[in-house]
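# Report on the structure
So the chains spell out like this:
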Protein chains: 2
Amino acid sequence: MTGTLFVVGLGPGPEYWLTGEAQAAIARAELFFGYAPYLARLALRPDQKAIASDNREELDRARAALDAAATGKTVCMVSGGDPGVFAMAAAVCEAIDRDAAWPAVTLEIVPGITAMLAVAARLGAPLGNDFCTMSLSDNLKPWTVIETRLRAAATAGFAIALYNPVSKARPTQLDNAFNILRDCLPNQIPVIFGRAVGRPDENIAIVPLSEARANMADMATCVIIGTPLTRIVQRAAGPIVYTPRFVPETSQ
Amino acid sequence: MTGTLFVVGLGPGPEYWLTGEAQAAIARAELFFGYAPYLARLALRPDQKAIASDNREELDRARAALDAAATGKTVCMVSGGDPGVFAMAAAVCEAIDRDAAWPAVTLEIVPGITAMLAVAARLGAPLGNDFCTMSLSDNLKPWTVIETRLRAAATAGFAIALYNPVSKARPTQLDNAFNILRDCLPNQIPVIFGRAVGRPDENIAIVPLSEARANMADMATCVIIGTPLTRIVQRAAGPIVYTPRFVPETSQ
């Protein structure tokens, strides 16, 4: 028997950011895997079953979902945001690659609104020109690689979106990152802390790089660092932040 | 009178990638601005009017939409993909900034599925680790800046998603970009040409960097260049391409 594994992006939180494709996949699936807070967003029918897991055991969770699909079931692995951006799609691909198993399972990845795009939309267009997207977690990546990438991106004039900026086990790395960026970038560059975007406890703050601190972020925060060209425009309804499309000849 | 300007991301094409928020904004608006092929996707009611424009006059289009909203209308500017990624949100912000006008217009940016996420979802997780997103157009950015950014991103180990890879006026820049990348990266790195993703004429091709050529792309293509760690896994249903979450100590 062959089944299907959908790897579905739920977006950052609210149902209005779900796509039609994601809704259709959720309606079709009979068995759901995922991190408990993401599964809690779903209004499952009595015939649909959810298996919640810890946020850290991603490869085991991928294998369990593939095993279930291999029995012929239609299975849904849910991710926050987009499954391809620091979420479950890579773990599912890794499981298939490492184990050389589940040849008959149909894999369908369903894209979603990833946090940086939702945070950017709240403020204008801070990612309106070239940008980099990085995870700040060194659980799977040496800190020296993170440091090299931060310097390369900032020096070349990319805006930077940081996922996983802090965790309980990594409370100070974001301060290290800000110190590296203060080495390469002007003090007044806007730093956006986009917390829980779209959820009831959403909080979006803008501070100059000189004042950015790790304690302004938590695990639910996406941090966006502007470029030397990024502008803040004050309006009665609140500031707009955008990175212009035009780059002068003198820029990096 | 004060009106509202929605800047709405339609996603790469099919209706199933529209979010609920985008559908609600389209239902509310009375006047629509945008590039004609994007407006053609909408099934407007008789009481809704569309004003199509050329793809190049983005700032003029933004001003016209803001002017209409300032008369009290509910206006919708449509973008393909996500409006904040090489699309209309930055042009609207620029118009507000340059002209210091339209203080009472409510600006609502509605995020969408941007092309690189849709292309990545078709194949697995090629953007599953740190990545950069760049426009290859030098209409608004000097080529020297593009070259510097390509080298910085590739050397630091980022995957790279290229928007606007070619146009009729710029048929050879993508070949210049591939030549730069061949300087910095191994020959066998996978290059993905994701053309018209989600549309009836979708075509996704994977070639090694050594064989990547500009004539494999057109204006509807998003090009994704992997990293030295990106892997291709052959499956009966077609290859998976993903960039692992784990980065060894010896990597850049």
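Predicted model only: the values in this text are computed from it and were never measured.

## So, the nonpolar core
In this structure, A:Leu150, A:Leu174, B:Leu174 and B:Ile225 are the most contacted members of the largest nonpolar core, which totals 60 residues. In this structure, A:Trp17, A:Ala115, A:Leu123 and B:Leu123 belong to the second largest nonpolar core, which totals 39 residues.

## Points about the interface of chain A and chain B
As a measure of interface size, the accessible area lost when the parts come together is often cited. Listed by partner, the interface residues are 69 residues for chain A and 68 residues for chain B. With both chains or domains summed, chain A and chain B bury close to 6000 Å², and 59% of this area falls on carbon and sulfur atoms. At the surface where chain A touches chain B, the tally comes to 10 salt bridges. Of the charged contacts in the structure, one is a salt bridge between B:Arg231 and A:Asp97, with a shortest N-O distance of 2.4 Å. The interface formed by chain A and chain B contains 34 residue pairs in polar contact (both at pLDDT 80 or more). Tallied by class, residues from the side of chain A that touches chain B come to 41 nonpolar, 16 polar and 12 charged. As paired strands, strand β7 (residues 131–135) of chain A and strand β7 (residues 131–135) of chain B are joined by three bridges and run antiparallel to one another. Considered in β7(B), the bridge of A:Phe131 is made with B:Thr133.

## Description of the relation of the copies chain A and chain B
When chain A is fitted to chain B, the best match, at an RMSD of 0.0 Å, comes from turning it 180 degrees and sliding it 0.0 Å along the axis. Taken together, the rotation and translation describe the operation of a two-fold axis. The residues that chain A uses at the interface reappear at the interface of chain B in 99% of cases, marking a shared surface.

## Here's the deal with the pairing of strand β4 (residues 74–79) of chain B
Residues and elements named next belong to chain B. Counting buried residues in β4 gives six out of six residues, a clear majority hidden from the surface. Here β4 shows a buried face lined by Thr-74, Cys-76 and Val-78 and a second buried face lined by Val-75, Met-77 and Ser-79. Here six bridges tie strand β1 (residues 4–9) to β4, and the two strands are oriented parallel to one another. Bridge pairing links Gly-9 to Ser-79 in β4. Here strand β2 (residues 31–35) pairs with β4 via three bridges, running parallel. Looking across to β4, one finds that Phe-32 is bridged to Cys-76.

## Remarks on the sheet that holds strand β13 (residues 240–242) of chain B
Pairing within the open sheet is mixed, and its three strands lie in the order β6-β13-β12 (chain B). Looking at which strands have only one partner, the edges of the open sheet turn out to be β6 (124–125) and β12 (231–233) of chain B. Where β12(B) lies against β13(B), three bridges are found, and the strand directions are antiparallel. Each bridged residue has a counterpart across the sheet, and for B:Ile232 the counterpart in β13(B) is B:Val241. Here helix α4 (residues 88–99) of chain A sits on the sheet in contact with β6, β12 and β13 of chain B, set at roughly 120 degrees to β13(B).

## Regarding the sheet that holds β4(B)
Residue and element names in this part refer to chain B. Read across the open sheet, the five strands follow the order β3-β2-β4-β1-β5; overall the sheet is parallel. Taken across any chain shown, the strands that pair with only one partner, and hence form the sheet edges, are β3 (49–53) and β5 (106–110). Strand-to-strand twist of the sheet, defined as the mean angle between neighbouring strand axes without regard to direction, takes the value 20 degrees. Here five bridges tie β2 to β3, and the two strands are oriented parallel to one another. Paired with Phe-32 across the two strands is Ala-50, which belongs to β3. Strands in contact with helix α1 (residues 20–28) are β1, β2, β4 and β5; relative to β1, the strand with the most contacts, it is inclined by about 140 degrees.

## Considerations on the packing of helix α3 (residues 58–70) of chain A against α4(A)
All names here are of chain A. As a packed pair, α3 and α4 sit with axes 8 Å apart at the nearest point and diverge in direction by 70 degrees. Regarding the angle of α3 to α4, the classification is roughly perpendicular. Along its contact with α3, which presents Glu-58, Leu-59, Arg-61, Ala-62, Arg-63 and Leu-66, the element α4 presents Met-88, Ala-91, Val-92, Glu-94, Ala-95, Ile-96, Arg-98 and Asp-99. Here the contact of α3 with α4 is composed, by residue class, of eight nonpolar, no polar and six charged.

## Points about the pattern of salt bridges
Side chains that carry opposite charge are capable of pairing whenever their charged atoms lie near each other. Using the criterion set out here, one finds 28 salt bridges over all chains in the structure. Across the pair A:Arg63 and A:Asp60 runs a salt bridge, and its minimum N-O distance is 3.9 Å. Linking A:Arg63 with A:Asp60, this pair stays in helix α3, spanning three residues, or about one helical turn. What makes A:Arg63 partly exposed here is its relative accessible area of 22%. Judged by relative accessible area, which is 46%, A:Asp60 ranks as partly exposed. With a shortest N-O distance of 3.4 Å, B:Arg151 and B:Asp183 are connected by a salt bridge. Separated by 32 residues along the polypeptide, B:Arg151 in helix α6 (residues 143–155) and B:Asp183 in helix α7 (residues 173–184) bring together distant segments of the chain. Classification of B:Arg151 as partly exposed rests on a relative accessible area of 32%.

## Observations regarding helix α6 (residues 143–155) of chain A
Along its 13 residues, α6(A) runs 18 Å from first to last C-alpha, staying within 8% of the 18 Å computed at 1.5 Å per residue. Of the residues making up α6(A), those classed as buried are A:Trp143, A:Val145, A:Ile146, A:Arg149, A:Leu150, A:Ala152, A:Ala153 and A:Ala154. On its buried side, α6(A) packs onto β7, β8 (159–163) and α7 (173–184) of chain A together with α6 of chain B. Positive backbone phi, approximately 90 degrees, marks A:Gly157, located one or two places after α6(A).

## A look at the confidence of the model for chain A
Averaged over all residues, the pLDDT of chain A equals 96, while 98% of them reach at least 70. Scoring the predicted complex yields pTM 0.97 and, for the interface, ipTM 0.97.

Calculation notes
- Residues numbered from 1 in each chain as written.
- Chains lettered and ligands numbered in written order.
- Predicted model: local features only at pLDDT ≥ 70, side-chain atom pairs only at ≥ 80, totals over all residues.
- Heavy atoms only, no water.
- Core = buried A, V, L, I, M, F, W, Y, C linked by side-chain atoms within 4.5 Å.
- Buried < 20%, exposed > 50% of the residue type's maximum accessible area, 1.4 Å probe, protein only.
- Contact = heavy atoms within 4.5 Å.
- Buried area = accessible area lost by both parts, 1.4 Å probe.
- Salt bridge = Lys/Arg side-chain N within 4 Å of Asp/Glu carboxyl O.
- Polar contact = N/O pair within 3.5 Å; in protein donor to acceptor, adjacent residues only side chain to side chain.
- Nonpolar A, V, L, I, M, F, W, Y, C, P; charged D, E, K, R; others polar.
- Pairing = 2+ DSSP bridges.
- Helix = DSSP H or I, 4+ residues; strand = E, 2+ residues; numbered from the N terminus.
- Least-squares fit on C-alpha atoms with pLDDT ≥ 70 in both.
- Axes fitted to C-alpha atoms, helices over the stretch in contact; angles between N-to-C directions.
- Parallel < 35°, antiparallel > 145°, perpendicular 65-115°, else oblique.
- Expected span 1.5 Å × (residues − 1).
- pLDDT = per-residue confidence, 0-100.

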